[in-house]
Structures are given as C-alpha cells and as structure tokens.
Amino acid sequence: MITRRTLISSALAVPLLPMAAKFAGASERLVNEAIDAGETEIILAGGTGGYGEMVRKHFLDPFSEETGINIVEDGGFYGEKLAKLKAMAEVGSFEWDMVTLSADHLVEQNAQHLQDLGSCGQIPNVATNGVAGSCLQYGVLFDIGGGVMAYNSDEFQGAGRQPSSWADFWDVDTFPGPRALPDIGTPWWPMIAALTADGVNASDLFPLDFDHAFAKLDEIKPHVSVWWRSGDQSQQIWRSGEVVMAQMYAGRAMGLRNEGMPVGVSWNGVPLDAAAWCVLKEARSPRASLALLNYMYTRPEAHAAFAAESGGVTAMKDAFDLLEPSAQEVAATNPDNWDQIVQIDRGWLGQNHDAILEQWTTWVAS
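A brief look at the structure comes next.

What counts, and at which threshold
- Residues numbered from 1 in each chain as written.
- Predicted model: local features only at pLDDT ≥ 70, side-chain atom pairs only at ≥ 80, totals over all residues.
- Heavy atoms only, no water.
- Axes fitted to C-alpha atoms, helices over the stretch in contact; angles between N-to-C directions.
- Helix = DSSP H or I, 4+ residues; strand = E, 2+ residues; numbered from the N terminus.
- Parallel < 35°, antiparallel > 145°, perpendicular 65-115°, else oblique.
- Left-handed = near helix turned anticlockwise from the far one by under 90°.
- Contact = heavy atoms within 4.5 Å.
- Nonpolar A, V, L, I, M, F, W, Y, C, P; charged D, E, K, R; others polar.
- Buried < 20%, exposed > 50% of the residue type's maximum accessible area, 1.4 Å probe, protein only.
- Core = buried A, V, L, I, M, F, W, Y, C linked by side-chain atoms within 4.5 Å.
- Disulfide = S-S within 2.5 Å.
- Salt bridge = Lys/Arg side-chain N within 4 Å of Asp/Glu carboxyl O.

Examining the packing of helix 3 (residues 49-67) against helix 12 (residues 286-296)
Okay, so step 1: One can describe the packing of helix 3 onto helix 12 by two numbers: an axis separation of 11 Å at closest approach and a directional angle of 120°. Between helix 3 and helix 12, the interaxial angle falls into the category oblique. Crossing handedness for the pair helix 3 and helix 12: right-handed. Residues Phe59, Leu60, Pro62, Phe63 and Glu66 of helix 3 form the contact with helix 12, whose participating residues are Ala288, Ala291, Leu292, Tyr295 and Met296.
Okay, so step 2: Partitioned by chemical class, the residues of the contact of helix 3 with helix 12 number 9 nonpolar, no polar and 1 charged.

Next comes the structure, spelled out in structure tokens:
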C-alpha cells in the first residue's frame, strides 16, 4: 500500500551513500544497530524555511554523509505539528519517526505519543556534552532562546529612550506603530508578556491568570497588525516594514541584526523558548532516530557555526566558548540574559494546555 510516508520519501529522498564501513566505539553503537536493522531512513517533522535549511546544513546532511541514513523532512510550525500528531494518533497511523517541538509541549497529552528516554542513558552524548537539563525525558534540548521583545531601534530615536520592557510594548503613545505577536500554538508567550506589562512579577506569573492576561491583551490587540505563524514570516514583516515591535524568536531577531537591520532586543521578562527533539513511540526507525539525537551532541564547532548563522545558541555546552564575544553577549545562555528569562511551569501547563489553546483561539478570532 502506498502511504503518505512513502510519497514523502519518494519525493524528497536523495540517494543513499554507500555504507562502506561500520562505526566503532560506544557512541556509534546506535548507528551500527540501525544499519543492522535496515533502518536507512528517518522521517523528521522539523523546522521550516531558512531555519530548517541551517539545521540541515550543519547537522542533518553531515549525519547522512557519515552514516548513509537518509533524513526526509516534513516540517511545520509547532501548532501545526501538534495538530498533525493528534490526527495521526486518532487514526492509529504515525508517519513520522521524529518531531521537533517546544519544550513547553512535552506535557502528558503530547508525551504519550513520544518515546520515554528516561535519563537519556541510551544517548550518552547528551549527558557528556549537553548543558545541565538537556535530557527532558521525552526529548532532548536543541536550541535555547526566548520569545524576546524586538523593536526598530531607528524608529524610536526621537522617543528619548529605547523600549526595554513589555510595559513599553504596550505603551503605544511613547512608542507608536504596528506590533506583531505570535500565533504558533504557544499562547502563554503573549499572555506572559501581557501580565508582565501590567506589573506582575515573574515569580507570580504561574498559575497564569486568564482573565487578567486577556484583559491586558485586549488593550494591545487593535495595534497588532500581524499574528505571525512561522519564523520566516516573523522576519519578513520586518524586512517589509510592516511592524516596529514584535514578540519573536530570539534567533530570528538576531538573524535580522546580522542582516544589518536596526533591530533592538530586550530579554526583560522573556518566556523561555527551548526546542526539543523527540522520537515517536511508534517510530519505524527508532534506532536511527536515537543515533541522530546522539550525533546532535557532537562537533561543538558545528554548533558554534549554526549559532553564528542563526543568531541563537544550542544546548552543546562547549560551543558557547567558540562564539564571538558579540554573539555571547546576546545569547540566551549568557547569565545576564538568562536571569531575566521567565521559566515555564510545565506541570501547570500540562494541566491547562487545552484550556489555554481553546480560549486563545476564540480570542484571536473575535
């Protein structure tokens, strides 16, 4: 029977490289086991656009070249992937081997479809080479950033100061102009921004007060011209001059700065954005998928190159010291920035995830 997985593979697959030799050493055990089991392909629901291309260049293609295991991508934004994952579960047929999600999404209703990695003993490079907390049980960390407040630093030269807080984002009199907020399946990001803008301390944000947050969001809603749905879109609206302020991925904001655009960034009260790479419980290439996770925690030089190009930072602990000082300054893992980041209460989020999404969807559409 021809399945969608087969069609994806046929359309996107590249010829496999010859597997002339097996790999040696404990860290390559999974590669050898995958090859012996005939697992020559991984279907990955990963990133899209320019970000996905950078991941492929620095990690996926080198993995395929070294192992002969082909990686076929079928990506989308977080909300879209979660919807697809739910739909696949309902019909009992999973097309993916792996999926990348926000670490916030590793709650019970999603984790039930993901392989329990425990303390990641099967993928030893995570413990050896990753920053503390890299193993998330149902996935591993990849890049670490935040939903930063970005602003056009040229636009506000006459304002007497540059915006530096979510209260400034809501201050349309001092800092006039169209805003952008994300609609990517993480509504707690703008909710955190709204509550912070209204004076709620970071230590008091959870449990999120729905009524308070949406009342504050009502104030900024008339000034939001774009509800962006992908990282590429969040950058394009800056290039086209559609917005002067936005909540967006830190790496995307830094990417615009690398292009020479006048984008300032504040980490004050920024919700943590950490991408998790996960293996599906029903993966058809489970050994190959674990081999890829193990491989992702090698080659700090590749992580540093990816960080320099993407504007973000990864969970590879030895990569940070390889960054340029200017990149270290704006990295999420820089202590000055890290201390300002809002950590997500995933336990509370797991219990309230569906309710948040339902209320957000209704609110955005109203």
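As for the environment of Ala215
Okay, so step 1: As for its position among the elements, Ala215 is in helix 9 (residues 210-220).
Okay, so step 2: Residue classification places Ala215 among the partly exposed positions, given a relative accessible area of 42%.

Let's talk about the nonpolar core
Okay, so step 1: Membership of the largest hydrophobic core comes to 120 residues, with the highest contact counts inside it found for Leu217 and Trp277.
Okay, so step 2: In contact with Leu217, other than residues within four places in its own chain, are Trp170, Leu181, Pro190, Met191, Ala194, Trp360 and Trp363.

Thoughts on the state of the cysteines
Okay, so step 1: Scanning the entire structure with this criterion turns up 1 disulfide.
Okay, so step 2: Here Cys120 pairs with Cys135 through a disulfide, and the sulfurs are 2.1 Å apart. Torsion about the S-S bond of the Cys120 and Cys135 cystine: about 85°, corresponding to right-handed handedness. Linking Cys120 in the loop between helix 5 (108-111) and helix 6 (124-129) with Cys135 in the loop between helix 6 and strand 4 (140-152), this pair joins segments that are 15 residues apart in sequence.
Okay, so step 3: On the basis of relative accessible area, Cys120 is assigned to the buried category, the value being 4%.
Okay, so step 4: Overall, the relative accessible area of 24% leaves Cys135 in the partly exposed class.

Looking at the pattern of salt bridges
Okay, so step 1: Enumeration over the complete set of coordinates arrives at 10 salt bridges.
Okay, so step 2: Note that Arg56 is salt-bridged to Glu73, the shortest N-O span being 2.7 Å. Note that Arg56 is positioned in helix 3 and Glu73 in strand 2 (residues 70-73), a separation of 17 residues in sequence.
Okay, so step 3: Looking at Arg56, the relative accessible area reads 21%, which means it is partly exposed.
Okay, so step 4: Look at the salt bridges and you will find they share partners, linking Arg56, Asp61 and Glu73 into a network.

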